[in-house]
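# A structural walkthrough
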Amino acid sequence: MKKIILCGAAALALTACGKTADKSGGEVKAPAGGAVVQIDGSSTVFPISEALGEEFQKSSGTRVTVGLSGTGGGFKKFCRGETDISGASRPIKKEEIELCAQSGVEYIELPVALDALAVIVNPTNSFVDCLTVDELKALWAPESQGKVKTWKQVRGNFPAEPVRLFGAGTDSGTFDYFTKAINGEEGASRGDYTATEDDNVTITGVSGDKDALGYLGLAYVTENAGKVKAIPIRQKDGKCIVPSVGTARDASYQPLSRPLFYYVNKKHADERPHLREFIKFAFSPAESEKLVGEVGYVPLPAQAYSLALAKFDARRTGTYFGGGSKIGVTVEELLSDAGEGAAAAPSQK
Amino acid sequence: MADALHTSEARIVAASRVQDMVFAVLGITVLLMAMAVLATLVADLMSDGLARIDQQFLTSFPSRRPESAGILSAWVGTTLIMLVTAFLAIPLGVGAGIYLEEYAPKHWMTDVIEINVSNLAGVPSIIYGLLALGFFVYGLGMGQTILVGGMVLALLILPIVIVATREAVRSVPSGLRESAYGVGCNRWQVVWRYVLPAARPGILTGAIVGLSRAIGETAPIITIGALTFIAFLPPSPIQATAPFVNFDWLNSPFTVMPIQMFNWISRPQAGFHVNAAATGLLLLLMTLVMNGFAIFLRYHLRRSLRS
């Protein structure tokens, strides 16, 4: 009998221990319930959503949650109507357009910020001053696999040192965009390079190898200024442009600057006032410029905010891109009526 | 003759001693190497993250600024998930283990179940996540809640608890059972009053090994759609008005420590990497506290068993 009591006491102690633990957590701030803005999607867009969510929750009291399912995973949830906003580092794909159409989810496509992809080398590398898109293609094209191994093969006057490559893993939007912009086809890349979903690995690799070359988001270059060096890209007019917030914002850095997107559920926008408030907040120039810049991304050009809000207020649905990436699209173009009219048809059957 | 025998005996003894020595040295070397790797990891985490752990870090929500970010929602989430996991996995696992060992008839069905339970212990955790996403989240429409998170981790550690329970029950001397039957106990009385108390330390060890695995899992929790940025806490389980407890927190969205760590480690700002190291340290500490509690409990149960 005594043993039964003891066992019961132990179970009780376990319960009590748990109870105190979550009680101390629960009492810090008793939640009031109510409206929540649900964001999910790309890990590239995550820091922007986190910053916007944090400030919006502080100023309005409306709760914001942000998930990290990736662009593809985010669209799966978005097209089931589970989330209000899906962050994406690339435009919505054909399959995803169909998925959304099947479940009757209409969406408004808004650029939320810009990101520049930087090509980086070791800071001790003195011979690479500027690279053309063709030279990058020579390095990264699928045909180069196992063939282009030295810097000399990229340009005749480079030394015959072996070039070691670091890049994005195939699951990332960065990979999709880089391959489209450089190799001309989304997903077409050589495979014999160090591929990683974590850009810090690329930083470590390139900073530790004098002959290495890699590509990643601009924010990582800014944060690791002494460890790696961003290479200017030669533009069509012959100028060499260094990736920076300024050159990405005025669209002079091409073709490696890209828009990041918010896809907003139209039905939710109609029904939920707190979601409309959030969009208004996210596209107010003062807040957005400050917050987007703070987390290392490039704010939209000044005139884009009113265009984006106008597009949202008019609830213009569909995608500008028709199911694939386009290179060199300006933010104004993708917010304009003209582009919209041309592209709305395939998405809204 | 006697001398020759003596020397050959001495030679054999000496040779065995050398073998013993070699093996001991080998064993200690392997142990030291393993400990060195662990110590380096912990020391590295500590040098990066220890200074970051303060009250602010424990009582703040995630933030875009590394220095004002904290893990409040993450550690509360982890604690609640572990509670749900423990409350589901331990009674179910112990029950299943006792049934298989004491009640189940020995035929092919039991064999199939046994093989499956052992196999399940080796299934990758992401598979459990996919199962939970398809079945709990979408199939049953339960959503991405603390309850589902606890359920998927409970499923994940159930085989561990079952196997440990069976081992512990099997190691109870059969004399104990037979004497109990001898004085007229029925099966339930034998199991509840004699077998279970004697097996408790082993069962507890199994439960703790399982929970320690669950606390560090990221993949299944991410798969079912746990959040990463969440700046509010689940409703409190205790309230001022009757009935004083509520279970709304089970249906609350959540995040856990490993997810927070995973997110911070891949960010560009070095400040976030420090946060990730600090989170890692705290996760280690939580596991240690959990283990310490189990050791304490086991010690007391052993003592009560003897008296």
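Residues numbered from 1 in each chain as written. Chains lettered and ligands numbered in written order. Predicted model: local features only at pLDDT ≥ 70, side-chain atom pairs only at ≥ 80, totals over all residues. Heavy atoms only, no water.

## Considerations on the pattern of salt bridges
- Taken as a whole, this structure holds 31 salt bridges over all chains when the rule is applied.
- A:Arg90 is the salt-bridge partner of A:Glu96, the closest N and O atoms lying 2.9 Å from each other. A:Arg90 matches A:Glu96 in its accessibility class, with the two residues each being buried.
- Across the pair A:Asp211 and A:Lys210 runs a salt bridge whose closest N-O atoms are separated by 3.2 Å.
- Three or more residues joined by partner-sharing salt bridges are found here, namely A:Glu54, A:Glu55, A:Lys58, A:Glu294, B:Arg64 and B:Arg65. (Salt bridge = Lys/Arg side-chain N within 4 Å of Asp/Glu carboxyl O. Buried < 20%, exposed > 50% of the residue type's maximum accessible area, 1.4 Å probe, protein only.)

## Section: the nonpolar core
- One finds A:Leu213 and A:Phe278 to be the most contacted residues of the largest nonpolar core, which totals 142 residues.
- Per element, the largest residue contribution to this core is 12 residues, and it comes from helix 3 (residues 72-103) of chain B.
- With near-sequence residues (within four places) excluded, A:Phe278 lies in contact with A:Val37, A:Ile39, A:Leu52, A:Gly53, A:Phe56, A:Val64, A:Ile85 and A:Tyr262.
- Of all hydrophobic cores here, the second largest spans 14 residues; its members include B:Val94, B:Ile98, B:Val191 and B:Ala199. (Core = buried A, V, L, I, M, F, W, Y, C linked by side-chain atoms within 4.5 Å. Helix = DSSP H or I, 4+ residues; strand = E, 2+ residues; numbered from the N terminus. Contact = heavy atoms within 4.5 Å.)

## Looking at the domain arrangement of chain A
Residues and elements named next belong to chain A.
- Here chain A is described as being made up of domain 1 (11-115 + 260-344) and domain 2 (116-249).
- Once you take the C-alpha centre of each, domain 1 and domain 2 turn out to be 30 Å apart.
- Listed by partner, the interface residues are 18 residues for domain 1 and 14 residues for domain 2.
- For the pair domain 1 and domain 2, the summed buried area comes to about 1,200 Å², and 54% of that belongs to carbon and sulfur atoms.
- Counting the contacts that link domain 1 with domain 2 gives three residue pairs in polar contact (both at pLDDT 80 or more).
- Tallied by class, residues from the side of domain 1 that touches domain 2 come to nine nonpolar, four polar and five charged. (Domains from an automatic or database assignment. Buried area = accessible area lost by both parts, 1.4 Å probe. Polar contact = N/O pair within 3.5 Å; in protein donor to acceptor, adjacent residues only side chain to side chain. Nonpolar A, V, L, I, M, F, W, Y, C, P; charged D, E, K, R; others polar.)

## Points about the side chain of A:Asn200
- Considering the arrangement of structural elements, one finds A:Asn200 in helix 7 (residues 199-207).
- A distance of 3.1 Å separates a polar side-chain atom of A:Asn200 from the backbone oxygen of B:Arg267.
- Beyond its immediate chain neighbours, meaning those up to four positions away, A:Asn200 contacts A:Tyr220, B:Ile265, B:Ser266, B:Arg267, B:Pro268 and B:His273.

## Examining the packing of helix 6 (residues 146-170) of chain B against helix 8 (residues 187-215) of chain B
All names here are of chain B.
- Running from N to C, helix 6 and helix 8 cross one another at 150°; their axes reach a closest spacing of 8 Å. On the basis of their axis angle, the class for helix 6 and helix 8 is roughly antiparallel. Like other packed secondary-structure pairs, helix 6 and helix 8 cross with a definite hand, here right-handed. In contact with Leu153, Leu156, Ile157, Ile160, Val161, Ala164, Thr165, Ala168 and Val169 of helix 6, helix 8 contributes Val195, Ala199, Gly202, Ile203, Gly206, Ala207, Val209, Gly210, Leu211, Arg213 and Ala214.
- Taken together, the residues of the contact of helix 6 with helix 8 sort by class into 15 nonpolar, four polar and one charged. (Axes fitted to C-alpha atoms, helices over the stretch in contact; angles between N-to-C directions. Parallel < 35°, antiparallel > 145°, perpendicular 65-115°, else oblique. Left-handed = near helix turned anticlockwise from the far one by under 90°.)

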